[in-house]
Amino acid sequence: MSKKTCCGCFALGCLTIIVAVVVGGYFGFDYLRDSGRDLAADGLKQTVEKITEVAFDEADRNDINRAAGEMAENVRSGEVGLVDLFSKATQHLETGLYLKSMLLAFERVNLSQGEAVDGMPAEDAGSDVVKRLIYGLNENKLSTAQIASISSMIMERYSESTGGEGEVKVTRSFRRLKTGLSVEELGRNLEMMKKICEENQLELPGPDFDAGKSVKEEFMRIFEELRKSISR
């Protein structure tokens, strides 16, 4: 049985709308305000933890998760408003940054685990493809359709629900890295990624480009933007 690595989907915009319609009128808007903050704070913290679970080494993962945890408490206390959270973090996490993290995870998990399998494409070749794709995403050189095709190759979706009897039921959508790929499946994935790089003329960035560092810095920029809203 292949091990599944789970990654949270930051769909808090939809979640808050559902809570506002279904819960707000029943429990009152004070409850909605406080509960909405708690849900958003928990969603931010859990999502970042899941995204970073296998994408980064321990030191970088701890740095990112620590910053996310601090920001989650700012959301819970009301220092960072939900509008700021959604406009400055939600969409960014859900789209490009999520995919970049999963590309790092694909390299760390699928390529490294497949090294010893006969016929496995060389890990350094796969690493070059991941660097080209992340650099291309940074430069906005990939179309929405191409981004979606890469996502479908390396991720799968499922959902989990929380809340027992008499409690508000919260359903969150999750995505996880596809693992346990055969040599043939991994080879097809890499070939398709190479094709996308070639179609968009994505060159291999210079030796000073560190894909993991660039993605970590992007997480930190999101938290910094949210911090700015505290002092407004």
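Just above, that's the structure.
Residues numbered from 1 in each chain as written. Predicted model: local features only at pLDDT ≥ 70, side-chain atom pairs only at ≥ 80, totals over all residues. Heavy atoms only, no water.

1. Thoughts on the overall build of the chain
If you tally the helices and strands in the chain, you get nine helices and three strands. The linear arrangement of helices and strands in the chain, starting from the amino end, is β-α-α-α-α-α-α-α-β-β-α-α. Accessible surface, the chain as shown: approximately 12,100 Å² in total, 49% of it carbon and sulfur. (Helix = DSSP H or I, 4+ residues; strand = E, 2+ residues; numbered from the N terminus. Areas by Shrake-Rupley, 256 points an atom, 1.4 Å probe, with all protein chains shown as cover.)

2. Observations regarding the packing of helix H7 (residues 144–154) against helix H8 (residues 183–199)
Geometrically, a packed helix pair is captured by the angle between its two axes and the distance between the axes. Remark: H7 packs on H8, axes separated minimally by 11 Å, with the N-to-C direction vectors making an angle of 165°. Regarding the angle of H7 to H8, the classification is roughly antiparallel. Helix-helix and strand crossings are classified by hand; for H7 and H8 the assignment is left-handed. From H7, Gln 146, Ser 149, Ile 150, Met 153 and Ile 154 reach across to H8, where they touch Asn 189, Met 192, Met 193, Ile 196 and Glu 199. Among the residues making up the contact of H7 with H8, the classes are represented as six nonpolar, three polar and one charged. (Axes fitted to C-alpha atoms, helices over the stretch in contact; angles between N-to-C directions. Parallel < 35°, antiparallel > 145°, perpendicular 65-115°, else oblique. Left-handed = near helix turned anticlockwise from the far one by under 90°. Contact = heavy atoms within 4.5 Å. Nonpolar A, V, L, I, M, F, W, Y, C, P; charged D, E, K, R; others polar.)

3. Comments concerning the environment of Arg 61
Within the fold, Arg 61 resides in helix H4 (residues 58–77). A residue is classified by how much of its surface remains accessible, and Arg 61, at 21% relative accessible area, is partly exposed. Distance from Arg 61 to Glu 49, taken between C-alpha atoms, is 8.0 Å for residues twelve residues apart in sequence. (Buried < 20%, exposed > 50% of the residue type's maximum accessible area, 1.4 Å probe, protein only.)

4. Re the environment of Leu 204
Position of Leu 204 among the secondary structure elements: in the loop between H8 and helix H9 (211–230). On a C-alpha basis, the gap between Leu 204 and Arg 132 in space is 5.1 Å, while along the polypeptide they are 72 residues apart. Here Leu 204 is in contact with Asp 128, Lys 131 and Arg 132, once residues within four sequence places are set aside.

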